[in-house]
Every structure is written in structure tokens, then in C-alpha cells.
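# Structural features, examined
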Amino acid sequence: ITCRYSLVPVKTVQLGEAATLTCALPIKEFGSITVHWYKQSAGDGLKLIVTLSKSAPPEYSPEFSRKRFNVENANNVCNLTVLKTVQEDEGIYHCGIAEWMYPIQWSETYLSVKGKTELLLQTLKFLL
């Protein structure tokens, strides 16, 4: 059995800011691959956000609104942008690259959203 350990990169943003997550694509013609972005919250399974292929417009899952997320590919990377982060956006984002007859290639990024605690403390100080 071969175990591969790797650290998951962490991207930290302030509450309300945009967050762009990047997935490196293989150096091949984009038309031959499909990119799937998933979100995983603590204690939850993977939830599909969007699927991107060259032959069709991006397909967003119903619970992930196109108004809050944007996906695009350029220069051998695929970017997923959360346009205005909320606390519930925190979690691990998985990028899966599917290519005919090859195993899916995975990469992950943990999105940390800061600000909720600070806002709560400021509100409590104001009320006291």
C-alpha cells in the first residue's frame, strides 16, 4: 500500500470579499477534459458546484447560484471565484479533472473566511 501525504493549501479571505481558487490543468487541449468543482464542509460529503467543459456552458448545481460563483479557464488553469464570501463558504474545495480513459486528477484548497467573530464581538461591545 502506498500512502501519499500532502498539505492542503489554505486561502484566507475576509467576510464579504471575493475568493478565487485555482486548479492547474494538464498541458493538453482543454476540449478533451471536463473540470468538476466540489465543496466539502466540515462533517459533510462532497457537493457538486459546477461542471465545465469546452463544448458546453458551465453547468451549476441548483444550490450553487451563478450569481455567487463564477468559473472560467485560461492559460492551463481553471478558476472558481466566490464573488462575495459568506461564513458558510468556508470549507475544502475540490477540483476534479476528468479525461477519457484516465483516472480523475484531484486538487484541493481550504477556504477560510474570517470576520464573523470580529463582527460579533464589535456588536456585543456596542450593546454593552
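Residues numbered from 1 in each chain as written. Predicted model: local features only at pLDDT ≥ 70, side-chain atom pairs only at ≥ 80, totals over all residues. Heavy atoms only, no water.

### A look at the overall build of the chain
Regarding its fold elements, the chain presents one helix and nine strands. Ordered by position in the sequence, the α and β elements of the chain form the string β-β-β-β-β-β-β-β-β-α. The proportion of buried residues among the 128 residues of the chain is 34%. Within the chain, counting contacts between residues at least 6 apart in sequence, those at least 24 apart form 52% of the total. (Helix = DSSP H or I, 4+ residues; strand = E, 2+ residues; numbered from the N terminus. Buried < 20%, exposed > 50% of the residue type's maximum accessible area, 1.4 Å probe, protein only. Contact = heavy atoms within 4.5 Å.)

### Looking at the sheet that holds strand 7 (residues 77-82)
The strands making up a sheet associate through hydrogen bonds between their backbones, and the pairing can be parallel or antiparallel. Strand order across the open sheet formed by three strands is 2-7-6, with antiparallel pairing between neighbours. Two strands close off the open sheet at either side, each with one partner strand: strand 2 (19-24) and strand 6 (69-74). Neighbour-to-neighbour, the strand axes of this sheet turn through a mean angle of 20°, independent of strand direction. One ladder, built from six bridges, connects strand 6 with strand 7; its direction is antiparallel. Paired with A74 across the bridge in strand 7 is V77. (Pairing = 2+ DSSP bridges. Axes fitted to C-alpha atoms, helices over the stretch in contact; angles between N-to-C directions.)

### Some thoughts on the sheet that holds strand 8 (residues 91-99)
Pairing is mixed in the open sheet, where six strands are placed in the order 1-9-8-3-4-5. Of all strands in the sheet, those with a lone pairing partner are strand 1 (10-14) and strand 5 (56-60), marking the two edges. With direction set aside, neighbouring strand axes in the sheet form an average angle of 20°. Across three bridges, strand 4 (residues 47-53) lies against strand 5 in antiparallel orientation. From the neighbouring strand, V50 faces strand 5, where its bridge partner is Y60.

### Some words on the confidence of the model for the chain
Looking at the chain, the pLDDT average stands at 85 and 81% of residues meet or exceed 70. Within the chain, no element has a lower average pLDDT than helix 1 (residues 116-127), which sits at 55, and none a higher one than strand 1, at 96. (pLDDT = per-residue confidence, 0-100.)

### Looking at the packing of aromatic side chains
Applying the stated criterion across every chain, the model contains two aromatic pairs. Between F64 and F69, the ring centres sit 5.5 Å apart and the planes meet at 80°, which makes this aromatic pair edge-to-face. (Phe/Tyr/Trp six-rings, centres within 6.5 Å; stacked < 30°, edge-to-face > 60°.)

### What to know about a nonpolar patch on the surface
Taken together, L46, I104 and W106 make up a surface patch of nonpolar side chains, about 290 Å² in accessible area. Its place among the elements puts L46 in the loop between strand 3 (33-40) and strand 4. Assessed through its relative accessible area of 43%, L46 is described here as partly exposed. (Patch = residues over 30% accessible without salt bridge, like charges linked within 9 Å, V, L, I, M, F, W, Y side chains within 5 Å. Areas by Shrake-Rupley, 256 points an atom, 1.4 Å probe, with all protein chains shown as cover. Salt bridge = Lys/Arg side-chain N within 4 Å of Asp/Glu carboxyl O.)

### With respect to the state of the cysteines
Evaluation of the coordinates by the stated rule reveals one disulfide. The disulfide partner of C23 is C95, and the gap between their sulfur atoms is 2.0 Å. On the sign convention where negative means left-handed, the S-S torsion of about -75° between C23 and C95 marks this disulfide as left-handed. Here C23 is found in strand 2, whereas its partner C95 is found in strand 8, with 72 residues between them in sequence. Comparing C23 with C95 shows no difference in burial state: the two are buried. Cysteine C78 shares no disulfide, and the gap to the nearest cysteine sulfur, in C95, comes to 5.8 Å. (Disulfide = S-S within 2.5 Å.)

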